[in-house]
Amino acid sequence: MNLKGRDFLKLIDYTPEEIGYLIELAAEYKAKKKAGIPHNDYQGKNIALIFEKTSTRTRCSFEVAAHDLGIMTTYLDPAASQIGRKESIADTARVLSGIYDGIEYRGFGQEIVEELAQYSSVPVWNGLTNEFHPTQILADFLTIKEHFGRLKGINFVYMGDARYNMGNSLMVGCAKMGLNFTASAPEKYFPDTKLVEYCKKVAAENGSTITFETDPLKAVKNADVIYTDVWVSMGEPVEVWEERICELSPYQVNKTLMEAAGEKAVFMHCLPAYHDLKTGVGKEMGERFGRDSMEVTDEVFESSQSIVFKEAENRMHTIKAVIAATI
Ligand code: CP
Ligand code: NVA
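Residues numbered from 1 in each chain as written. Chains lettered and ligands numbered in written order. Predicted model: local features only at pLDDT ≥ 70, side-chain atom pairs only at ≥ 80, totals over all residues. Heavy atoms only, no water.

Before going further, it helps to examine the side chain of H269. Position of H269 relative to the elements: it lies in strand β9 (residues 266-269). There is a polar contact of 2.7 Å between the side chain of H269 and the side chain of E295. Excluding residues that lie within four positions of it along the chain, H269 makes contacts with Y227, T228, D229, V230, E295, V296, V308 and E311. (Helix = DSSP H or I, 4+ residues; strand = E, 2+ residues; numbered from the N terminus. Polar contact = N/O pair within 3.5 Å; in protein donor to acceptor, adjacent residues only side chain to side chain. Contact = heavy atoms within 4.5 Å.)

Dropping the structure here:
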């Protein structure tokens, strides 16, 4: 498998075999790291990490993964670069391509990272856009594989806002890798019709299904994985909280939902999560709307069925695989 020079912008651009290869490579790097076997085979390389939105997992994963591979990183935060304000994406891409061997970009519209890649002569990696979060899906699937021993045939249920980066990317990933994907939310939160049509076709080729269910208890029947994400994503206006809480509350992942799925089901979340009032936003919204949690209860988040921290660790191993395979 040769992915040298390839961008990693969305899973749509990758075949099931290529996605499977990246997950396997991540597992190999994880085993090496655990065994203390050095793998700094990329010494002398440099990568730029552009973040136009905040991050904990993605930034730390890129920095540690690069360091383990022997690669040097430069972090550019929204305030520390000229991007967009004084310099166009096309110019930035050509400048950074001359200095770096790879560029990570986290920002707003998918068209921005696509333009960056178009004008860049080195690989560009999508660290999250409004539409897609492809490195997250590799980590999620490595975690599912470790837990269940397979991806094909897994019943994957996504609760909540399925039309944003996580819902979109998970649906594409499931279609490509043969997991049965169900999204549960009010209809207005279902993904874009064109993307759904594409995914249904791909899923059929890979022996799986894409379904939508407005009844949360029906949706989780026979679920292996119950996944959710925040109800209000980065970059969305604070005013939408009230509407989201009102419309998505029936889809909160709680004990009743986990029990309806059964003991074998696991809980997953890309994180960060509003499962208690110990965050600034969680506290403010919780107090304003009289709640102690949002998309998932603290009880489920902290339960033995929750594998969210294994999932978070796998961000680093999978991002390492993406860098190593493409640079
Ligand atoms: N899951 C994820 O991308 O987390 P960060 O926003 O902290 O990078
Ligand atoms: N949907 C969330 C994902 C965070 C990893 C957001 O975009 O904020």
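We now examine the pattern of salt bridges. All chains considered together, the criterion is met by 20 salt bridges. The residue K10 makes a salt bridge to D13 at a minimum N-O spacing of 3.0 Å. Looking at D13, the relative accessible area reads 35%, which means it is partly exposed. In this structure, K283 engages E287 in a salt bridge whose closest nitrogen and oxygen atoms are separated by 3.1 Å. Of this pair, K283 and E287 both sit in helix α11 (residues 280-289), four residues apart, which is roughly one turn of the helix. By relative accessible area, E287 is classed as exposed at 53%. Several salt bridges converge on common partners, so that one network encompasses D161, R163, E236 and R244. (Salt bridge = Lys/Arg side-chain N within 4 Å of Asp/Glu carboxyl O. Buried < 20%, exposed > 50% of the residue type's maximum accessible area, 1.4 Å probe, protein only.)

Glancing now at the side chain of S293. Relative to the assigned elements, S293 resides in the loop between α11 and α12 (298-301). In this structure the side chain of S293 is engaged in a polar contact, spanning 2.9 Å, whose partner is the side chain of Q252. Looking at S293, its side chain comes within polar contact range of the side chain of D292, at 3.3 Å.

The next subject is unusual backbone geometry. The peptide bond linking L271 to P272 adopts the cis configuration, its omega dihedral lying at 0°. Inspection of the secondary structure assignment puts P272 in the loop between β9 and α11. The backbone of L128 shows a phi angle near 125°, a positive value even though the residue is not glycine. Within the secondary structure layout, L128 lies in the loop between β4 (124-126) and α5 (134-148). Judged by its relative accessible area of 6%, L128 is buried. The phi dihedral of N222 is positive, around 70°, even though this residue is not glycine.

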